[in-house]
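Below are the chains, spelled out letter by letter.
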Amino acid sequence: MKRIALLGMPNTGKSTLFNRLTGSSARVGNWPGVTVDLLMAKVLLGVDMVEIVDLPGIYNLHGFSEDERVARTFLEENPVDLLLVIANSTQLDRQLALILQLQALELPMVVALNMDDEARRLGIQVDTALLTRELKVPVLSISAKQGFGMGRMRQLLTDTLAQVGTAKSADLNRVFGDDDALEARLDQVFRSAVQMPLTATDRLTDRIDRVLLHPWFGLPLFFAAMLALFEAVYTLGAPLQEGVAWLLQTIKTEAVEAAVAEWHPMLQSFLLDGIFDGVGTVVSFLPIIVLFFLFMAIVEDSGYLSRAAFLMDAFMARLGLDGRAFVMQLMGFGCNVPALMGTRVMRSRGLRLLTMLIIPFSLCSARLQVFVFFISAVFDPWAAPLVLFSLYIMSFAAAFLTALLYRGRLANQDPLLLELPPYRFPTLPQMWLRGWREVAHFLREASGFILLGVVLVWALTHYPADVAPAGPETLAGQLAALFAPIFAPLGIDHLMTIALLFGFVAKEVVLGAMAVIYGAGEGELAGIVAGSTDWVQAYAFMLFVLIYTPCLSTVAVLKQESKSWRFTALAVAWPLALAWLLSFTFYQTARWLGF
Amino acid sequence: MNLSQLHSGETGTISALVGDPEIRARMQSIGLRVGREIAVIRRSRFGGPLQVRIGTTDLLIRPQQAMQVILA
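Worth saying up front: this structure is predicted, and the values here are computed from it rather than measured.

**Q** Describe the overall build of chain A, listing the residues and the values that go with them.
**A** Looking only at helices and strands, one finds 26 helices and ten strands in chain A. Computed over its C-alpha atoms, the radius of gyration of chain A comes to 28 Å, within 12% of the 25 Å expected for a compact globule of 595 residues. Counting only C-alpha atoms and orienting by the principal axes, one finds that chain A spans roughly 85 × 60 × 40 Å. Counting the 595 residues in chain A, one finds 55% classified as buried. In chain A, once contacts between residues fewer than 6 apart in sequence are set aside, the share between residues at least 24 apart is 76%. A total of about 24900 Å² of accessible surface is found on chain A, and carbon and sulfur atoms cover 64% of it. Of the side chains in chain A, 43 bear a positive and 51 a negative charge, and the two mean positions are spaced by 7 Å.

This is the structure:
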């Protein structure tokens, strides 16, 4: 099968073109020498199936960024029949450089000049016929977003592929040539083929920026926008998640329980509380992931994410992060899982890992549920809002402390050189495709791990079979007894330790687990907790729950996104240590003060 | 004179890039090339990044990198 590699600089609409060409058939492929996810799809061009691979956006073939390394390795290790190079028509003054560099590889090439509509609006005229002659490769104008020129593009790809010889991998030694010669050639080609008006900037963007990046109103508007986004995702997401939960519960009680009623009780429990609940955990994340990425597509494709970097960078730079990290951190307050997946927009690995390390400290909606229960059970009504507020403060403090401690080790080598593209709005199909693809990715990469973890915790809390589930005699109970010396100094007793073990799977199940452990209904639980714990113990417990591993799904996604067990281990171990330390300090200090 | 010294609305011509070769290469590939005219559109508060414009491209650049862009 013939193979086309899609290449271009960032912000050229490369993904949009890829989506146009491939529809929803794309999947993540594995390639020799390349450790990051690359999308690929098989499409019908003419009468042949052709494979199209979407390489990361690069500025330069001999650059030092992660993306540039990936693109280089891919081209060296994998034979390709054709390079499809995409460039932004409005920025040919610098984008031609990449095209000229790629020409040195002597691979067959087709050049697509995207955003033809924008270029026209700005009064930029590109003579594609002249460019074709100058570059000696087919050049055509398209608008991937509007779908303009796509028919001609497919035809051109088909025709060019029909003429190419055997596929070959690239010899990158050819590229390390003379940069000055390249620049001279760039200027000559650009001047002959492109006509630019004197001022070619997007007036509307300038006007919007004057408001959104205003020295005084910029930040408040940014926080308002984040709040609106947050509200939108979770007011729409919560009922959806509840709907899914209700559906799963109904299936469980109406169909599955009846089907396995005759089976051995242990097997029944394994299927219902192990496998079925494990699958349920995975499924319950799907609506929120789709919604998150629908809105993320807007924030990202509109160009607002770079504006957030402009507004927040002065502060975040001190933490070794940038403004985009702050956006992801805020999104983590809804749910850590999609926020972690969202860090993919950061192209520097150090920056991305550091951001992924701090997101799990964001007090997500599942943890909020536990806190609201404990606070209302143990604290006076007047103190309740203050207690909850202090937990939000702790959430930020833990994140910023972690960033400060690890910014040296996960250093961000890339200088912040971000493009501020003009404001654009993504099309609905683009948004849906994005949400759908992320869900598919999550299912493929994380579901096995989550299921395994749920089954493991089920085994711990249900073995041996002849004692009460989750009781002190089970493996979990014995484990809790073993950990007693660790948790006793935090004021966390034996039974609560078992609840923490459940909390490792998901914070949503902590309250349910406690009901089982105490042998009470969820209604009576508040009274029992209030009777057995004082406020110091309760707060120490909440501190621990806030900071330690948020859930198994988060761990699965940390692994999925970092592709490193070492990093995943750090991202689990460090919060555990910090949770213990803070909880210990709080509990002992409070007791020492006489509370 | 370097880029970080320009006020909002001021323009200069890039005469040299100095400092770490890796960062220089990166700046060059994103469009900061010798001979090009560069304008500072706005500066963010608290010593944050500058918004600059070269041709049709707008970029964010931190002050410490802007100091490596020497203007004629």
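**Q** Describe helix α2 (residues 66–77) of chain A, naming the residues involved and giving the relevant values.
**A** For α2 of chain A, spanning twelve residues, the distance from its first C-alpha to its last is 16 Å, which sits close to the expected 16 Å at 1.5 Å a residue. Taken together, the buried positions of α2 of chain A are D67, E68, V70, A71, R72, F74 and L75 of chain A.

**Q** For the packing of aromatic side chains, give the residues involved together with the corresponding values.
**A** Per the stated rule, a full pass over the model turns up 21 aromatic pairs over all chains. Taken together, the ring pairs in this structure connect F315, F333, Y392, F396 and F400 of chain A into an aromatic cluster. Over the ring of Y423 of chain A we find R307 of chain A, and its NZ or CZ is 4.2 Å from the ring centre. Its end group placed over the ring of W216 of chain A, R45 of chain B keeps NZ or CZ at 4.1 Å from the ring centre.

**Q** Help me get a handle on the pattern of salt bridges, residues and values and all.
**A** Summed over all chains, the structure comprises 18 salt bridges over all chains. Among the ionic pairs, R53 of chain B bridges to D206 of chain A, the shortest N-O distance being 2.8 Å. Residue R53 of chain B is found in strand β3 (residues 50–54), and its partner D206 of chain A is found in helix α8 (residues 203–212); the two belong to separate chains.

**Q** Account for the state of the cysteines, with residues named and values stated.
**A** All names here are of chain A. Tallying each qualifying case throughout the model produces zero disulfides over all chains. Free cysteine: C335, not disulfide-bonded; nearest cysteine sulfur from C364 at 6.4 Å. Owing to a relative accessible area of 9%, C364 belongs among the buried residues under this scheme.

**Q** Now, about the interface of chain A and chain B: what can you tell me, with residues and values included?
**A** Contact with chain A, which involves 39 residues of that partner, is made by 32 residues of chain B. Approximately 3100 Å² of surface area, both sides summed, lies buried where chain A meets chain B, with 55% of it carried by carbon and sulfur atoms. Here chain A and chain B share six salt bridges between them. For D187 of chain A, the salt bridge goes to R33 of chain B, with nearest N and O atoms at 3.5 Å. Where chain A touches chain B, the interface holds 15 residue pairs in polar contact (both at pLDDT 80 or more). By residue number, the principal contributor to the side of chain A that touches chain B is helix α12 (residues 304–316) of chain A, which donates five residues. Looking at the side of chain A that touches chain B, its residues break down into 20 nonpolar, six polar and 13 charged. Relative to strand β4 (residues 57–61) of chain B, strand β10 (residues 417–419) of chain A runs antiparallel, the two being bridged by three bridges. Across the sheet, residue L417 of chain A finds its bridge partner in β4 of chain B, namely I61 of chain B.

**Q** Explain the confidence of the model for chain B to me, using residue names and the numbers behind them.
**A** Any region with low pLDDT has predicted coordinates that should not be read closely. Residue-level pLDDT values for chain B average 89, and 100% of them are 70 or greater. Within chain B, the lowest mean pLDDT, 82, falls on helix α1 (residues 21–29) of chain B, and the highest, 94, falls on strand β5 (residues 69–71) of chain B.

**Q** I'd like a description of the domain arrangement of chain A, backed by residues and values.
**A** One widely used convention gives an interface's size as the accessible area the parts lose upon coming together. Residue and element names in this part refer to chain A. You can read the domains of chain A as domain 1 (2–201), domain 2 (218–364 + 388–414 + 425–444) and domain 3 (446–592). On a C-alpha basis, the centroid separation for the pair domain 1 and domain 2 is 33 Å. Residue-level contacts link 13 residues of domain 1 with eleven residues of domain 2. Carbon and sulfur atoms make up 47% of the surface buried where domain 1 meets domain 2, a total of about 990 Å² over both sides. Interface area lost by domain 1 to domain 2 is led by N19, D67 and K145, which between them contribute 39%. The interface formed by domain 1 and domain 2 holds zero salt bridges in total. The tally of links between domain 1 and domain 2 comes to three residue pairs in polar contact (both at pLDDT 80 or more).

**Q** Before we move on, can you summarise the confidence of the model for chain A with the specific residues and values?
**A** Scored by pLDDT, chain A has a mean of 86; 97% of the residues are at 70 or more. Averaged pLDDT values for the elements of chain A fall to 73 in strand β2 (residues 27–31) of chain A and rise to 95 in helix α26 (residues 565–592) of chain A.

**Q** Explain the packing of helix α18 (residues 428–462) of chain A against helix α25 (residues 552–562) of chain A to me, using residue names and the numbers behind them.
**A** Any two packed helices are characterised by how steeply their axes cross, that is the angle between the axes, and by the distance between the axes. Residues and elements named next belong to chain A. Orientation of α18 relative to α25, taken along the N-to-C sense of each, is 135°, at an axis distance of 9 Å. In terms of axis orientation, α18 runs oblique to α25. Pair α18 / α25 crosses with right-handed handedness. Facing α18, whose interface residues are H441, F442, E445, A446, F449, I450, G453 and V454, α25 presents L552, S553, V555, A556, V557, Q560 and E561. Of the residues assigned to the contact of α18 with α25, the class counts are nine nonpolar, four polar and two charged.

**Q** Describe in detail the nonpolar core, supporting the description with residues and values.
**A** Here is a general trend for soluble globular proteins: nonpolar side chains tend to be buried in one another's company. Residue and element names in this part refer to chain A. Grouped together as the largest cluster of nonpolar side chains are 125 residues, with contacts concentrated most on F374 and F442. Tallying contributions element by element places helix α11 (residues 286–302) first for this core, with eleven residues. Two domains each provide a minimum of three residues to this core, namely domain 2 (218–364 + 388–414 + 425–444) and domain 3 (446–592). Among residues more than four places away in sequence, those in contact with F374 are F379, M496, M514, V529, A538, F541 and M542.

**Q** Talk me through the pairing of strand β4 (residues 48–54) of chain A; I want residue IDs and the actual numbers.
**A** Residues and elements named next belong to chain A. Taken across its seven residues, β4 has five buried, putting it largely inside the fold. Sheet topology note: the strand β1 (residues 2–8)/β4 ladder contains five bridges and is parallel. Note that in β4 the partner of R3 across the bridge is E51.

**Q** Report on unusual backbone geometry, specifying residues and quantitative values.
**A** A cis amide bond links Y463 of chain A to the next residue, P464 of chain A, at an omega of -5°. Positionally, P464 of chain A belongs in the loop between α18 and α19 (475–482). Here the phi dihedral of M115 of chain A falls at roughly 60°; this positive angle occurs in a residue that is not glycine. Take M115 of chain A: it is sitting in the loop between β6 (109–114) and α4 (116–121). For F46 of chain B, which is not glycine, the phi torsion reads 60° and is therefore positive. With respect to the helices and strands, the residue F46 of chain B is situated in the loop between β2 (37–43) and β3. For F46 of chain B, a relative accessible area of 59% corresponds to the exposed category.

Rules of the game
- Residues numbered from 1 in each chain as written.
- Chains lettered and ligands numbered in written order.
- Predicted model: local features only at pLDDT ≥ 70, side-chain atom pairs only at ≥ 80, totals over all residues.
- Heavy atoms only, no water.
- Helix = DSSP H or I, 4+ residues; strand = E, 2+ residues; numbered from the N terminus.
- Rg over C-alpha atoms; globule rule 2.2 N^0.38 Å.
- Buried < 20%, exposed > 50% of the residue type's maximum accessible area, 1.4 Å probe, protein only.
- Contact = heavy atoms within 4.5 Å.
- Areas by Shrake-Rupley, 256 points an atom, 1.4 Å probe, with all protein chains shown as cover.
- Lys, Arg positive; Asp, Glu negative; His and termini not counted.
- Charge placed at Lys NZ, Arg CZ, Asp CG, Glu CD.
- Expected span 1.5 Å × (residues − 1).
- Phe/Tyr/Trp six-rings, centres within 6.5 Å; stacked < 30°, edge-to-face > 60°.
- Lys NZ or Arg CZ within 6 Å of the ring centre and 35° of its normal.
- Salt bridge = Lys/Arg side-chain N within 4 Å of Asp/Glu carboxyl O.
- Disulfide = S-S within 2.5 Å.
- Buried area = accessible area lost by both parts, 1.4 Å probe.
- Polar contact = N/O pair within 3.5 Å; in protein donor to acceptor, adjacent residues only side chain to side chain.
- Nonpolar A, V, L, I, M, F, W, Y, C, P; charged D, E, K, R; others polar.
- Pairing = 2+ DSSP bridges.
- pLDDT = per-residue confidence, 0-100.
- Domains from an automatic or database assignment.
- Axes fitted to C-alpha atoms, helices over the stretch in contact; angles between N-to-C directions.
- Parallel < 35°, antiparallel > 145°, perpendicular 65-115°, else oblique.
- Left-handed = near helix turned anticlockwise from the far one by under 90°.
- Core = buried A, V, L, I, M, F, W, Y, C linked by side-chain atoms within 4.5 Å.

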